[in-house]
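# Observations on the three-dimensional arrangement
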Amino acid sequence: MRHKSMCKAMAAVLTAAMLFQMGPADSTQAAAKVKLSKKSIVMVEKKSKTVKVTGVKKAKIKKVKWSTSNKKVAVAKASGKTAVKVIAKKEGNAKVTGKFTLKGVKKVQKVTLKVKVTAKKTENTQENPSSTASAAPGTSSTPGASVSPATQTPGASANPDEFVPVLFKSATFENGTDDFVSRGSSKVSQADNGYDGKCLYVTGRSDAWNGAAIDVTNTIVPGATYHVSAYIKQMSGETVEVKCSAQTGSEFPAIATEKEAPSDTWVKLEGDIEIATSFSDYLIYFEVPGSKTADFYLDSVVITQTSKGKDVVDPNTLPSIYDTYKDIFQYMGTCANYYGYGAKKDQLRKEDTINFIKKQFNSITLENEMKPDTVLGGYQKKLIDVEDAKALGYVIPEGYPEDEVPQLNLDIVDQTLEFCAENDIKMRAHTLMWHQQTPSWFFAENYSGSGATTPEIMDARLEFFVRTVMNHVMDKEVDLTGKAGTLVYAWDVTNEYVHRTNEPTSPSWMDVYGDMDLEPTYVKKAFEFAYEELEKRNLQDQVTLFYNDYDEYDCTDKIIELVEFINKDKKICGGIGMQSHLTGNENPTIERYAETLDKFLATGLEIQVTELDAEVESNDLEDQAAYMKAIMETIVTKHLNRDKTVNPKGITGVTIWGLFDSCSWRSNIPLLFGSGINDPKPSFYAFLEAAKAK
């Protein structure tokens, strides 16, 4: 992926964030104890909720079995090994039990989840929240009831164009925490002596922002306005500020504030907020900014939708990109993030996003989490003795000239491979070698961070890195599926060499080897090391090694010359990756893009569109749809009408570089979805229509 001037700073932030999220490597596994993220839940008939399993790593779980005490009320289905999906059937109570068999542990561990299912409201009985917001607390609605955007039904109105307010959430805490969770170090629990009946008790705070939050990401309507009211009682012993706010990405808009709330006194917070039209995460939370440590109580939270907002679509009802193209291309993929940040956060860990990816694609590429900067630890450099590295299974070249090697961090890669195995998704491995997002100390003398090392030492480091990463991945495939080469079907060995002068890490490859123009011996060596690892497992005809680059229509001949140099003695680079970060209709024109495809197909190498996105200067959705359709029609026709005697495989895959615009690295409207997976744009339907091209 192409980066601008901020790429180095972003790389550091990404690495630090991911290391923070991953936490200690194995400290929890030794004392594994199965827990649930919630002890009890309240649900509405015909709805479902997923509760996560905590306290134990997935790899530690050998077997899990879920059961329910009352099948007429709730059904429990496994959602992988680390979650259970509870489906509410009828009003009543049930207990869901999970029995876990852990590797190396004889005793079966058991967890229990209490489930209360409440009756589903009908349109005729739904109350008008504009009046209930000020009614007696605890009397306005069913506790814990949430209404998703796809099923909301506004109350009757004489004017069909007039929006009638809809009750979104009423939390009285009579039956638990009503989906509220801790924020920061705080702990939340049900307590007596609320404003009306029971309430939520928030304790254990260590900073002003710690408090209680409810995640409404998947249910709140983008662009709509909501009215929030609640009662809060802080226990600081002084008169201090209390507050209700929202959190979306890095923004924290205030909803309601009481600057002078007396201690040990119920105070009403009330305010309105307009939801952004595009977001990846959304929390509504309560806090006591006037005290870092004060406990507080919360009761009678009523959230009411007061304007229509943006129309959203149930992603489960959309046609499938993969199904549409499966008879044309072998792989239809997207880039995704296992941990990520902001709009990219937890894309391979959230159930709704996982289901979306499984329906729309059969391939993923990690956006940043397999790049050298992440695998080498970025600024968190850790060196280990060569003998210790060998014990970890690292491949140390014969005659390796140094006493130490970097410790590699492949946890995210492992977890992503597990995701792929569990969800029948394939993976493009991106990338082994790049002049960006690689820590400068990797090129330095004695890994010191300054002064480039020698070409001979760098050759050994490159060989260690390529062979170790590839072996690790293939060994993991064996563990997960019984055979290597079953999950990763393509490796981007070298990324963007033709653009090597575009803001390289300093020092970088050219500081060690000099500028070798289009005959870089070290790039060829990287392909040789990678190909030899495939040969050892007889995978050279099954897994393809790619050279990947951007603005390929501006440097087509240079890319071909580079690949011919790599393959001069033996065909080891089997494919060309066309990133295709496009800005139409002039960069490139459809004609120039078509000419590039013709030239690449004429090499006989496998071709993949690896990072497709398309902006248009007008930022008009219809213009973008037309350009995206024209590009895809070109890709389809060039593949189907190629000379198969010259290029038997042709174009084997297309990867879209992101799920939706708000998580894209580009700033305008480059993708097929807008604010989220429930916001298909005209370009989504145009993309599907392009499959009809011949």
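Residues numbered from 1 in each chain as written. Predicted model: local features only at pLDDT ≥ 70, side-chain atom pairs only at ≥ 80, totals over all residues. Heavy atoms only, no water.

### Structural notes on the overall build of the protein chain
For the protein chain, the helix and strand inventory stands at 14 helices and 30 strands. In the protein chain, the share of contacts with a sequence separation of at least 24, taken over all contacts with a separation of at least 6, comes to 74%. Surface accessibility of the protein chain: about 29200 Å² in total, with carbon and sulfur atoms responsible for 47%. (Helix = DSSP H or I, 4+ residues; strand = E, 2+ residues; numbered from the N terminus. Contact = heavy atoms within 4.5 Å. Areas by Shrake-Rupley, 256 points an atom, 1.4 Å probe, with all protein chains shown as cover.)

### What about the nonpolar core?
Membership of the largest hydrophobic core comes to 121 residues, with the highest contact counts inside it found for Ile-321, Tyr-325, Phe-329, Trp-491, Ile-635 and Phe-687. Ranked by residues supplied to this core, first place goes to helix α8 (residues 455-481) with ten residues. With near-sequence residues (within four places) excluded, Tyr-325 lies in contact with Met-332, Met-632, Val-636, Phe-687, Leu-688, Ala-690 and Ala-691. (Core = buried A, V, L, I, M, F, W, Y, C linked by side-chain atoms within 4.5 Å. Buried < 20%, exposed > 50% of the residue type's maximum accessible area, 1.4 Å probe, protein only.)

### Here's the deal with the environment of Ser-236
Mapped onto the elements of the fold, Ser-236 is located in the loop between β14 (225-234) and β15 (240-247). Note on Ser-236: relative accessible area 26%, which makes it partly exposed. As a C-alpha pair, Ser-236 and Pro-262 span 26 residues in sequence and 8.9 Å in three-dimensional space. Among all residues touching Ser-236, those that are not within four sequence positions of it are Ser-263, Ser-291 and Ala-294. In this structure the side chain of Ser-236 is engaged in a polar contact, spanning 2.7 Å, whose partner is the side chain of Gln-234. A polar side-chain atom of Ser-236 sits 3.0 Å from the main-chain carbonyl oxygen of Glu-238. (Polar contact = N/O pair within 3.5 Å; in protein donor to acceptor, adjacent residues only side chain to side chain.)

### Comments concerning the confidence of the model for the protein chain
Summing up the model confidence of the protein chain, the mean pLDDT is 88 and the portion of residues at 70 or higher is 89%. In this model residues 3-30 is a low-confidence stretch, pLDDT under 50, and it forms 40 contacts with partners more than four residues away in sequence or in other chains. Low pLDDT, under 50, characterises residues 122-157; the stretch is placed with 79 contacts to residues that sit more than four places away or in other chains. (pLDDT = per-residue confidence, 0-100.)

### Some thoughts on the sheet that holds strand β4 (residues 61-68)
Sheet architecture is open: four strands sit in the order β2-β8-β7-β4, paired in mixed fashion. Lying at the two open borders of the sheet, with one neighbouring strand each, are β2 (40-44) and β4. Ignoring which end each strand starts from, the neighbouring axes of this sheet average 25° apart. The pairing of β4 with strand β7 (residues 92-102) spans seven bridges and is antiparallel. The residue of β7 that forms the bridge with Val-64 is Phe-100. (Pairing = 2+ DSSP bridges. Axes fitted to C-alpha atoms, helices over the stretch in contact; angles between N-to-C directions.)

### Comments concerning the packing of aromatic side chains
Under the criterion given, the structure shown has 24 aromatic pairs. Taken together, a centroid distance of 5.2 Å and an interplanar angle of 75° make the contact between Tyr-338 and Tyr-339 edge-to-face. In this structure Tyr-338 comes out as buried when scored by relative accessible area, which is 10%. Judged by relative accessible area, which is 7%, Tyr-339 ranks as buried. Between Trp-509 and Tyr-513, the aromatic rings sit 6.5 Å apart at their centres with planes inclined by 20°, giving stacked as the arrangement. Placement of both Trp-509 and Tyr-513 in helix α9 (residues 509-513) is noted, with a separation of four residues, approximately one turn of the helix. Overall, the relative accessible area of 5% leaves Trp-509 in the buried class. By relative accessible area, Tyr-513 is classed as buried at 14%. (Phe/Tyr/Trp six-rings, centres within 6.5 Å; stacked < 30°, edge-to-face > 60°.)

### Points about a positive patch on the surface
Positive charge collects at one region of the surface, where Lys-62, Lys-63, Lys-65, Lys-81, Lys-99, Lys-103 and Lys-110 lie side by side. Here the positive patch gets three residues from one element, more than from any other, and that element is β4. Among the structural elements, Lys-110 can be located in strand β8 (residues 109-118). Among the residues examined, Lys-110 registers a relative accessible area of 58% and is labelled exposed. (Patch = residues over 30% accessible without salt bridge, like charges linked within 9 Å, V, L, I, M, F, W, Y side chains within 5 Å. Salt bridge = Lys/Arg side-chain N within 4 Å of Asp/Glu carboxyl O. Lys, Arg positive; Asp, Glu negative; His and termini not counted. Charge placed at Lys NZ, Arg CZ, Asp CG, Glu CD.)

### Considering the pairing of strand β24 (residues 426-434)
Burial analysis of β24 places eight of its nine residues in the buried class, the great majority of the element. Of the pairings in the sheet, the one linking strand β21 (residues 363-366) to β24 comprises three bridges and is parallel in character. In the sheet register, Thr-365 faces β24, and the bridge partner there is Arg-428. Relative to strand β25 (residues 488-495), β24 runs parallel, the two sharing six bridges. Directly across from Met-433, in β25, lies its bridge partner Thr-494.

### Comments concerning the side chain of Asp-661
Within the secondary structure, Asp-661 is located in the loop between β30 (651-656) and α14 (682-689). At a separation of 2.9 Å, a polar atom in the side chain of Asp-661 contacts the main-chain amide nitrogen of Leu-671. Discounting residues that sit within four places of it in the chain, Asp-661 has contacts with Asn-668, Ile-669, Pro-670, Leu-671, Phe-673, Gly-674 and Lys-681.

### Points about unusual backbone geometry
Here the amide bond leading from Ser-506 into Pro-507 is cis, since omega sits at -5°, within 30 degrees of zero. Here the amide bond leading from Asn-587 into Pro-588 is cis, since omega sits at 5°, within 30 degrees of zero. In this structure, Pro-588 sits in the loop between β28 (581-584) and α12 (590-602). One non-glycine residue with positive phi stands out, namely Ser-580, at about 65°. Inspection of the secondary structure assignment puts Ser-580 in the loop between β27 (575-578) and β28.

### Examining the pattern of salt bridges
All told, the structure shown has 33 salt bridges when counted by the stated rule. Its salt-bridge partner being Asp-192, residue Lys-198 comes within 2.6 Å of it at the nearest N-O pair. Exposure remark for Lys-198: the relative accessible area of 27% places this residue in the partly exposed category. Between Glu-463 and Arg-467 there is a salt bridge; the shortest N-O distance is 2.9 Å. With Glu-463 and Arg-467 both in helix α8, this residue pair falls four residues apart, about one helical turn. Accessibility assignment for this pair places Glu-463 and Arg-467 in one class, buried. Ionic contacts of the salt-bridge type, sharing partners, join the residues Glu-463, Arg-467, Glu-532, Glu-533 and Lys-536 into one network.

### Describing a negative patch on the surface
Among the surface-exposed residues, Asp-385, Asp-388, Asp-403 and Glu-404 lie close enough to one another that they form a single negatively charged patch. Within the secondary structure, Asp-385 is located in strand β22 (residues 383-385).

### Here we look at helix α7 (residues 411-423)
Here α7 spans 18 Å end to end across 13 residues, near enough to the 18 Å set by a 1.5 Å rise per residue. Just beyond α7, the residue with positive phi is Asp-424, at close to 55°. (Expected span 1.5 Å × (residues − 1).)

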